[in-house]
Amino acid sequence: KKSLETVIEAAEIDNLEISADTLKKRTLKSITSEQLKVLKTLEGRVFTHRWQLDEALAELSPEFQFKKGNAVENDHLHSLLKQLYDNFRL
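Residues numbered from 1 in each chain as written. Predicted model: local features only at pLDDT ≥ 70, side-chain atom pairs only at ≥ 80, totals over all residues. Heavy atoms only, no water.

K.L.:
Residues and numbers for the packing of aromatic side chains, please.
P.N.:
Per the counting criterion, the structure on display carries 0 aromatic pairs. In this arrangement the basic side chain of Arg50 is found over the ring face of Tyr85, its NZ or CZ atom lying 5.4 Å from the centre. (Phe/Tyr/Trp six-rings, centres within 6.5 Å; stacked < 30°, edge-to-face > 60°. Lys NZ or Arg CZ within 6 Å of the ring centre and 35° of its normal.)

Here's what the structure looks like:
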């Protein structure tokens, strides 16, 4: 059942645009200055799937990478990513 959920989640279309206006207007709770810098480097990019945004962020900074065996940090990152999806959804 878990693998089916993963496949469905990966296939889900969710257009997300990283825009300067959104970065200025929206208040993202608990985002670090490093994370904000990384988001700014992606300005203008549109991602069709959430996992594409996740991968782009993780490539640019370890602050967007899940840590093996660190549930608290991973829960925080998961929460932050959900905020990003909501803020950047077209």
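Still more to cover.
K.L.:
A description of the pattern of salt bridges should follow, citing residues and the corresponding values.
P.N.:
The final tally for this structure, using the stated rule, is 5 salt bridges. Between Arg89 and Asp14 there is a salt bridge; the shortest N-O distance is 2.7 Å. Separated by 75 residues along the polypeptide, Arg89 in the segment after α5 (71-88) and Asp14 in the loop between α1 (2-11) and β1 (16-17) bring together distant segments of the chain. Between Asp86 and Arg89 there is a salt bridge; the shortest N-O distance is 3.2 Å. A relative accessible area of 39% means that Arg89 is categorised as partly exposed. Among the charged side chains, a network of salt bridges with common partners joins Glu12, Asp14, Arg50, Asp86 and Arg89. (Salt bridge = Lys/Arg side-chain N within 4 Å of Asp/Glu carboxyl O. Helix = DSSP H or I, 4+ residues; strand = E, 2+ residues; numbered from the N terminus. Buried < 20%, exposed > 50% of the residue type's maximum accessible area, 1.4 Å probe, protein only.)

K.L.:
Can you explain the packing of helix α4 (residues 50-60) against α5? Please cite residues and give values.
P.N.:
How two helices sit against one another is set out by the angle between their axes and by the gap between those axes. Between α4 and α5, whose axes approach to 11 Å, the crossing angle comes to 120°. Taken together, α4 and α5 sit at an angle that is classed as oblique. Read as a crossing pair, α4 and α5 show a hand that is right-handed. Touching Arg50, Leu53, Asp54 and Leu57 of α4 are Leu81, Leu84 and Tyr85, all from α5. (Axes fitted to C-alpha atoms, helices over the stretch in contact; angles between N-to-C directions. Parallel < 35°, antiparallel > 145°, perpendicular 65-115°, else oblique. Left-handed = near helix turned anticlockwise from the far one by under 90°. Contact = heavy atoms within 4.5 Å.)

K.L.:
Can you tell me about α4, naming the residues and giving the values?
P.N.:
Spacing of three or four residues puts side chains on the same side of an α-helix, whose turn is 3.6 residues. All of the buried residues along α4 are Leu53, Ala56 and Leu57. One side of α4 holds all its buried residues, which, seen down the axis, span an arc of 95°. Of the surrounding secondary structure, the elements contacted by the buried residues of α4 are β1, α3 (33-41), β2 (46-47) and α5. (Arc of directions from axis to C-beta.)

K.L.:
With reference to specific residues and values, describe the nonpolar core.
P.N.:
Of all hydrophobic cores here, the largest spans 18 residues; its most connected members are Leu53, Leu57, Phe64 and Leu84. For this core, the elements supplying multiple residues, two or more each, are α3, α4 and α5. Broken down by element, the residue count for this core peaks at 6 residues, all from α5. Not counting residues up to four positions away in its chain, the partners in contact with Leu84 are Leu28, Leu39, Leu57 and Phe64. (Core = buried A, V, L, I, M, F, W, Y, C linked by side-chain atoms within 4.5 Å.)

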